Amino acid sequence: MMAIGRRRRIGLSLVCALLLSACEQRADIQIYTAKTIITMDSRQPRAEAIAVADDRIVAVGKLEDVQQSLAGLDWQVNPRFENKVIMPGFIEPHLHPYLAGILLPMEFITPHDWDMPGKQVKGVRGNEAYLQRLDELHHTQDDDDWLWTWGYHPLFHGDMGRAELDQIAPDRPVVVWHRSFHEIILNTAALNALGLQPIDHPQVDWQRGHFYENGLMVVMPHLKKQLSDPWRYLKALKHARTIIHAGGVTTVSDGAFGTIDFDQEWQAIRYSSWNRSSSPFRFMVLPDGKSLGHSMGNEAAKQFMETLGQHDSEQIHFLPKQVKLFADGAAYSQLMQMRDGYLDGHHGEWLMTPEQLLQAARVYWRDGYQIHFHVNGDLGLDRTLDVVGTLQQEFPRQDHRTTVHHFAYAREDQAQRMARLGVRVSANPYYVWALADQYAEHGLGPDRARAMVPLKSVVDAGIPLSFHSDFTMAPVDPLRLAWVAVNRLSADGKLVGPEHRISVDAAMRAITIDAASQLQMEGQIGSLEVGKQADMTILEADPYEVPASTLKDIPIWGTMLGGSPLPLQADGGDKLFELPI
């Protein structure tokens with residue numbers, strides 16, 4: 001162990017020497033001091049000072065030690081953060097730009113309040129209140145425009161279909177997008193405007209104008225023209241960029257790029273404000289293997305993915321040898337596959353059947369890919385773990401980092417199975433806050449609702465864990481996701497399954513170093529160590545010191561990306577960080 005530790009210290013010394021050698025002719029080494037620096041490095045959890053040269057960290061530790069390590073070089077101590085807390089930049093490992101581009105311009109009619117830069121919405125509950133709000137929008141907006149809304153959920157808003165929409169707007173196209181994004185309802189005017197004819201599909205209810213899960217993909221090509229207008233879409237991405245920055249996020253990964261139209265999505269993101277040097281975060285691209293496989297076959301899709309790295313830019317990078325596949329339906333729709341079914345007798349849906357999942361995953365597994373699976377229910381997780389188990393028997397691999405995303409409901413025995421198979425978890429804790437109250441009464445019942453997103457079993461099994469928002473499935477607010485996981489309070493203020501709460505430290509790791517590891521980027525970001533990118537989130541209070549009930553309320557000063565401070569508000573001589581389109 002001593003020899004290994006010595007080699008590690010020598011390796012770090014060489015890294016530091018190389019970095020400092022490159023800076024010998026420069027006079028821009030900044031030493032930032034802070035109230036405390038939380039490094040997320042187990043060898044040095046706390047520090048007093050951190051030195052940055054260009055876009056890299058060149059020293060971390062006590063101020064005196066940092067200064068001595070820079071002897072002979074030009075540096076200055078910068079006290080601007082002396083009363084603040086520095087952490088590694090927060091990581092959002094599952095967020096879809098196309099979701100933001102499509103939904104942000106819509107009118108939100110949601111069960112819960114939304115409060116984010118540029119959009120504040122009061123929640124609406126009850127069928128009468130929902131229809132009243134929809135009617136108000138219809139009569140206050142230009143009749144020549146389509147009426148687009150997002151946020152409908154039947155458990156909060158009552159049943160809705162084409163007939164109800166026709167009664168409000170018989171002549172105007174109306175699109176009601178479900179809170180899950182996996183479903184839409186169209187009125188007759190919208191169906192006619194799209195030139196649609198009755199469709200025979202197991203996940204389409206033509207009479208109700210209801211398209212869900214794979215049925216949504218049937219109608220999406222017809223909606224693309226309205227949804228992808230460049231001025232609408234690019235403006236929404238600019239808005240999303242501001243929202244992401246406000247959450248203290250410095251690295252974003254798409255949860256599945258190309259779900260609707262790969263070429264169109266790529267062109268949009270390529271020319272968007274996300275692909276500018278002024279962007280406050282890095283953007284990592286994870287291709288959607290389901291959609292690409294459907295359009296060109298799994299083998300051809302894999303070959304196509306091998307070429308994507310040539311499109312990398314300063315801000316956008318395709319994750320090499322990583323792919324996303326889909327198991328069961330959406331948690332918000334109660335279409336996840338549950339082993340014991342639903343109380344009212346309805347059933348979940350497969351986005352890819354277990355057979356299709358195995359067929360696609362085998363192509364990528366044998367070529368060394370890290371596979372990310374969209375999974376929500378415990379039956380969906382059973383079948384996904386069956387796939388991983390089969391592949392491990394056929395072609396054993398170490399450190400494959402297979403990751404299940406969402407994790408809305410799982411049994412405790414499944415955590416041990418995931419640990420044995422080397423499967424990781426990227427969870428959305430927000431399901432507990434937004435859904436547990438209603439799901440206790442409808443569909444799942446109280447016992448399963450209290451066990452939604454059971455993260456304690458994951459942590460106890462030693463499984464690396466990350467959090468994601470899947471925006472707009474949750475706010476882009478890593479501290480809020482951590483708060484839910486630590487406290488497990490619902491939107492109605494009820495304590496939900498306290499036995500599933502996790503520690504503050506586990507939650508902080510889930511938005512920093514463990515999220516970086518999920519992306520295979522722990523050597524570059526996720527902790528504050530010599531040689532890593534100088535990406536930081538600057539807080540006004542220490543998450544480890546405040547009451548756990550106030551985690552979500554910690555103010556964020558701003559971020560640092562590659563050594564450049566990016567305040568959310570005016571800071572002394574700095575201008576407010578501006579986001580040009």
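Residues numbered from 1 in each chain as written. Predicted model: local features only at pLDDT ≥ 70, side-chain atom pairs only at ≥ 80, totals over all residues. Heavy atoms only, no water.

Draft legend 1. Region of the structure containing helix α16 (residues 430–441). α16 sits mainly inside the fold: ten of its twelve residues count as buried. Among the residues of α16, those classed as buried are Y430, Y431, V432, W433, A434, L435, A436, D437, Q438 and Y439. Residues of α16 that are buried in the fold lie against α5 (154–157), β20 (403–406), α17 (446–450) and α19 (478–487). Count one or two residues on from α16 and you reach G443, which has phi positive near 85°. (Buried < 20%, exposed > 50% of the residue type's maximum accessible area, 1.4 Å probe, protein only. Helix = DSSP H or I, 4+ residues; strand = E, 2+ residues; numbered from the N terminus. Contact = heavy atoms within 4.5 Å.)

Draft legend 2. A look at unusual backbone geometry. The linkage connecting F471 with the following residue, T472, adopts the cis geometry, with an omega of 20°. Topologically, T472 is positioned in the loop between β22 (465–467) and α19. Positive phi, normally seen in glycine, also occurs at M40, with a value near 60°. Mapped onto the secondary structure, M40 falls in the loop between β1 (29–38) and β2 (46–53). Of note in this structure, F407 is not a glycine but carries a positive phi near 60°. Tracing the sequence through the fold places F407 in the loop between β20 and α15 (412–421).

Draft legend 3. Representation of the packing of helix α13 (residues 354–365) against helix α14 (residues 378–394) in the model. At a minimum axis separation of 10 Å, α13 and α14 run at an interaxial angle of 40°. Classified by the interaxial angle, the pair formed by α13 and α14 is oblique. As α13 packs across α14, the resulting crossing turns out to be right-handed. Contacts between α13 and α14 involve P354, L357, L358, A361, R362 and W365 from the first element and R383, T384, V387, V388, T390, L391, Q392 and E394 from the second. Within the contact of α13 with α14, the residues separate by chemical class into eight nonpolar, three polar and three charged. (Axes fitted to C-alpha atoms, helices over the stretch in contact; angles between N-to-C directions. Parallel < 35°, antiparallel > 145°, perpendicular 65-115°, else oblique. Left-handed = near helix turned anticlockwise from the far one by under 90°. Nonpolar A, V, L, I, M, F, W, Y, C, P; charged D, E, K, R; others polar.)

Draft legend 4. Quick look at the pairing of strand β21 (residues 424–427). What you see with β21 is no split at all: R424 and S426 on one side and V425 and A427 on the other are buried throughout. Bridge count for β20 against β21 is four bridges, and the pairing is parallel. By the bridge assignment, T403 is partnered in β21 with R424. As a crossover connection, the stretch from β20 through α15 into β21 is right-handed. In terms of strand pairing, β21 meets β22 through three bridges, oriented parallel. Its bridge partner being in β22, A427 is matched across the sheet by F467. (Pairing = 2+ DSSP bridges. Right-handed = clockwise from strand over helix to strand, strands pointing away.)

Draft legend 5. Structural context of the packing of aromatic side chains. Counted according to the given criterion, the structure contains 21 aromatic pairs. Pairing W206 with F211 gives two aromatic rings, centres 6.5 Å apart and planes at 85°, and the pair type is edge-to-face. Judged by its relative accessible area of 17%, W206 is buried. By way of ring pairs, the aromatic residues F257, F262, W266, F304 and F318 are connected into one cluster. When the ring centre of W148 is taken as reference, the NZ or CZ atom of R232 above it lies at 5.7 Å. (Phe/Tyr/Trp six-rings, centres within 6.5 Å; stacked < 30°, edge-to-face > 60°. Lys NZ or Arg CZ within 6 Å of the ring centre and 35° of its normal.)

Draft legend 6. Structural detail: the sheet that holds strand β16 (residues 282–285). Strand order in the open sheet made by the four strands is β6-β15-β16-β17, with parallel pairing throughout. Because the sheet does not close on itself, it has two edges, and the strands there are β6 (90–92) and β17 (316–318). Direction aside, neighbouring strands of the sheet carry axes that sit 20° apart on average.

Draft legend 7. Broad picture of the environment of V77. Its place among the elements puts V77 in strand β4 (residues 75–78). On the basis of relative accessible area, V77 is assigned to the partly exposed category, the value being 33%. Taking C-alpha positions, V77 is 8.7 Å from A51, a pair spaced 26 residues apart along the chain. In this structure, V77 is in contact with I31, T33, L63 and Q67, ignoring residues within four places of it in sequence.

Draft legend 8. Summary view of the side chain of S517. Along the polypeptide, S517 turns up in helix α21 (residues 513–518). A polar atom in the side chain of S517 sits 2.7 Å from the side chain of R424. Each residue touching S517, except ones within four places of it in the same chain, is listed here: R401, R424 and E522. (Polar contact = N/O pair within 3.5 Å; in protein donor to acceptor, adjacent residues only side chain to side chain.)

Draft legend 9. Region of interest: the pattern of salt bridges. Summed over the entire model, instances satisfying the criterion amount to 28 salt bridges. As a salt-bridge pair, K224 and D261 come within 2.7 Å of each other at their nearest N and O atoms. Residue K224 is found in helix α8 (residues 214–227), and its partner D261 is found in the loop between β15 (249–253) and α10 (262–270); the two are separated by 37 residues along the sequence. The closest approach of N and O atoms between K321 and E306, which form a salt bridge, is 3.4 Å. Here E306 lies in the loop between α12 (298–305) and β17 and K321 lies in the loop between β17 and β18 (322–326), a separation of 15 residues in the sequence. A single network of salt bridges, built from pairs that share partners, joins D41, R43, E529 and K532. (Salt bridge = Lys/Arg side-chain N within 4 Å of Asp/Glu carboxyl O.)

Draft legend 10. Highlighting the pairing of strand β3 (residues 56–61). Judged by how many residues are buried, β3 sits mostly within the fold: five of six residues are covered. As defined by bridge partners, β2 adjoins β3 across five bridges and the pair is classed as antiparallel. Following the sheet pairing, A53 is matched in β3 by R56. Linking two consecutive strands that pair antiparallel, namely β2 and β3, is a turn of two residues; a positive phi of about 55° is found at D54 within it.

Draft legend 11. Layout of α10. Of all the positions in α10, only F262, E265, W266, A268 and I269 are classed as buried. Projection of α10 onto a plane perpendicular to its axis shows the buried side chains occupying an angular sector of 165°, all on one side. In this fold, the buried residues of α10 make contact with α3 (97–103), α9 (230–246), β16, α11 (289–296), α12 and β17. At the N-terminal boundary of α10, the capping side chain belongs to D261, with an oxygen 3.2 Å from the backbone nitrogen of D263. (Arc of directions from axis to C-beta.)

Draft legend 12. Focus on the packing of α16 against α19. Here α16 crosses α19 at 60°, and the two axes come no closer than 7 Å. Taken together, α16 and α19 sit at an angle that is classed as oblique. On α19, the residues that touch Y430, V432 and W433 of α16 are R480, L481, W483 and V484. Residues of the contact of α16 with α19, tallied by class, amount to six nonpolar, no polar and one charged.

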